[in-house]
Amino acid sequence: MKIIKFITCPVLFVLCLFSCHKEPYEDIENKIRVVVECNIPKAPVHIFTSGYQVTVKGGWEQQFVTKDEYIGVEATCEDSDALITVEVYVNGHLKDKVSKNGFVKTKVIQLK
């Protein structure tokens, strides 16, 4: 009888442990806001982020919700004198802000 209890308790514990296992980040959604500004309003700026590509003039702001693990933003302008500023907010908090002439790339931001 003691042998049955000795074997049954650990087996039940392991089964309960695995039945409750869930990936810790699989359901986390993050609200992302990307703001891009250019000091030359008529200069076309090409923006690339998370599978999203757009060309704008002047400024651009986009909000979206994602379950991705990382995000990064690149912006480029053919006019090398154009000052491009990119801000990335995650859940309302500024995570990166960079400014450069012609081409700018944010750091890769880990979301999870």
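The structure under discussion appears in the preceding block.
Residues numbered from 1 in each chain as written. Predicted model: local features only at pLDDT ≥ 70, side-chain atom pairs only at ≥ 80, totals over all residues. Heavy atoms only, no water.

Chemist: Hey, could you run me through the side chain of Thr-66 in this one?
Modeler: Its location among the elements puts Thr-66 in strand β4 (residues 59-66). Here the side chain of Thr-66 touches Asp-68 through a polar contact of 2.9 Å, landing on its backbone nitrogen. Not counting residues within four places of it along the chain, the set of residues in contact with Thr-66 comprises Ile-28, Glu-29, Asn-30, Ile-32 and Leu-111. (Helix = DSSP H or I, 4+ residues; strand = E, 2+ residues; numbered from the N terminus. Polar contact = N/O pair within 3.5 Å; in protein donor to acceptor, adjacent residues only side chain to side chain. Contact = heavy atoms within 4.5 Å.)

Chemist: Help me understand the sheet that holds strand β8 (residues 93-101) in this model?
Modeler: Taken in spatial order, the four strands of this open sheet run β4-β1-β7-β8, and their pairing is antiparallel. Edge strands, defined here as strands with exactly one partner in the open sheet, are β4 and β8. If you compare each strand with its neighbour and ignore which way they point, the axes differ by 10° on average. Relative to strand β7 (residues 83-90), strand β1 (residues 30-38) is paired through seven bridges, and the arrangement is antiparallel. The residue of β7 that forms the bridge with Cys-38 is Ile-84. (Pairing = 2+ DSSP bridges. Axes fitted to C-alpha atoms, helices over the stretch in contact; angles between N-to-C directions.)

Chemist: How do you make sense of the sheet that holds strand β9 (residues 103-105) when you look at a structure like this?
Modeler: Strand pairing within a sheet occurs via backbone hydrogen bonds; the two strands may be parallel or antiparallel. The strand order β3-β2-β6-β9 describes an open sheet built from four strands, whose pairing is antiparallel. If you trace the sheet from one side to the other, it starts and ends with β3 (52-57) and β9, each paired once. The sheet shows a mean angle of 15° between the axes of neighbouring strands, direction not considered. Sheet topology places strand β2 (residues 44-49) next to β3; six bridges connect them, and they run antiparallel. Looking across to β3, one finds that Ile-47 is bridged to Val-54.

Chemist: What should I look at first to understand the pairing of strand β6 (residues 73-77) in this one?
Modeler: By the alternation rule, side chains of β6 split into Val-73, Ala-75 and Cys-77, which are all buried, and Glu-74 and Thr-76, of which none is buried. The pairing of β2 with β6 spans five bridges and is classified as antiparallel. What sits directly across from His-46, in β6, is Thr-76. In this structure, β6 lies alongside β9, joined through three bridges in antiparallel fashion. The residue bridging Ala-75 from the neighbouring strand is Val-104, located in β9. (Buried < 20%, exposed > 50% of the residue type's maximum accessible area, 1.4 Å probe, protein only.)

Chemist: Looking at this model, I keep getting lost on the packing of aromatic side chains. Mind explaining?
Modeler: Aromatic rings considered in pairs are described by the distance between their centres and by the relative angle of their planes. For the structure shown, the criterion picks out one aromatic pair. Ring geometry for Tyr-52 and Trp-60: centres 5.9 Å apart, planes at 25°, overall stacked. Overall, the relative accessible area of 39% leaves Tyr-52 in the partly exposed class. Just above the ring of Tyr-89 sits the side chain of Arg-33; from NZ or CZ to the centre is 4.2 Å. (Phe/Tyr/Trp six-rings, centres within 6.5 Å; stacked < 30°, edge-to-face > 60°. Lys NZ or Arg CZ within 6 Å of the ring centre and 35° of its normal.)

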